Structures are given as C-alpha cells and as structure tokens.
Amino acid sequence: LAIREAILKEEERLKKVEAGELDEDEGKADPKDLMITKKHFNFAMSRARRSVSEKDLALFEEFAEKQKAGRGEAATNFKFGDVEAGADADDGDSASPDDLYE
C-alpha cells in the first residue's frame, strides 16, 4: 500500500510537470513522506492469512497450559530465604572488587 501510494503520487506529479503546472524538480517526494505508517501495517495485517493450522494452535495452547501448571506455586510465590545477621559480615573469605583482577 505504501509503495502503491508513492507511485500514484509520483505519477500525478509527472502529469502536472507535463502539463506545465509544476517544474521538473518541484513537488518531489521527501524520503520522510515515504515511511511505512501504522495505517499501512494495519492494512497489511488485515489481509494476512494464518500460517499455523488450528491443530498446531491447539497443541501450542495445550503445551502452554502444561508449562504454566508445571511452574506451580513455587515459581509464582518465590522468595529468597531469610539472611542471617552474621552472613553480611566480612569473614575474610570474600574478595574485594580490587582483588578480582590480581
């Protein structure tokens, strides 16, 4: 659709040039005007066909449900365990950021 519109506009411009209404360089399309817009996308999608069969869609939905059920409550309610008060203290075993590259 975007290409078709651009071609039609250029043809109209050329007719006006031939009729003497416009100069040769006058009215040329700006590259910014040749952008594909949401209107073009929606038009293309309205005419698109499905590339996946109903059977494949049903299989995917079944798979998605199994994956969702398999995650269960542990995945949705995950929390890290409580940190003990002494765990944050430096016990000498941890390296400082400066020691990482030595």
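Please read these numbers as outputs of a predicted model, since none were measured by experiment.

Chemist: Outline the overall build of the chain, supporting the account with residue identities and numerical values.
Modeler: The helix and strand inventory of the chain stands at three helices and zero strands. Accessible surface for the chain amounts to roughly 10100 Å². Of this, 54% is attributable to carbon and sulfur atoms.

Chemist: A description of the pattern of salt bridges should follow, citing residues and the corresponding values.
Modeler: All chains considered together, the criterion is met by four salt bridges. Between R50 and E54 there is a salt bridge, and its shortest N-O distance comes to 2.4 Å. In this structure E54 comes out as exposed when scored by relative accessible area, which is 56%.

Chemist: Which residues make up helix α1 (residues 2–19), and what values go with them?
Modeler: Its 18 residues place the ends of α1 26 Å apart at the C-alpha level, agreeing with the 26 Å of an ideal helix rising 1.5 Å per residue. Immediately downstream of α1, the backbone of G20 shows phi near 85 degrees, a positive value.

Chemist: Lay out the side chain of H40 in plain terms, naming residues and giving numbers.
Modeler: The topology assignment puts H40 in helix α2 (residues 38–46). For H40, a relative accessible area of 9% corresponds to the buried category. In terms of polar contacts, H40 uses its side chain to reach the side chain of E5, at 2.9 Å.

Chemist: An account of the confidence of the model for the chain is requested, with residue identities and associated values reported.
Modeler: Per-chain confidence: the chain averages 76 in pLDDT, with 71% of residues scoring 70 or above. The element-level mean pLDDT for the chain is lowest in helix α3 (residues 54–76), coming to 81, with α2 highest at 86.

Chemist: Mind laying out the environment of D23, listing which residues take part and the relevant values?
Modeler: Within the secondary structure, D23 sits in the loop between α1 and α2. Classification of D23 by relative accessible area gives exposed; the value is 55%. In this structure, the C-alpha to C-alpha distance between D23 and R13, residues 10 residues apart in sequence, is 9.7 Å. Those residues in contact with D23 that lie beyond four places of it in its chain are R13 and V17.

Here is what the cut-offs are and how they apply
- Residues numbered from 1 in each chain as written.
- Predicted model: local features only at pLDDT ≥ 70, side-chain atom pairs only at ≥ 80, totals over all residues.
- Heavy atoms only, no water.
- Helix = DSSP H or I, 4+ residues; strand = E, 2+ residues; numbered from the N terminus.
- Areas by Shrake-Rupley, 256 points an atom, 1.4 Å probe, with all protein chains shown as cover.
- Salt bridge = Lys/Arg side-chain N within 4 Å of Asp/Glu carboxyl O.
- Buried < 20%, exposed > 50% of the residue type's maximum accessible area, 1.4 Å probe, protein only.
- Expected span 1.5 Å × (residues − 1).
- Polar contact = N/O pair within 3.5 Å; in protein donor to acceptor, adjacent residues only side chain to side chain.
- pLDDT = per-residue confidence, 0-100.
- Contact = heavy atoms within 4.5 Å.

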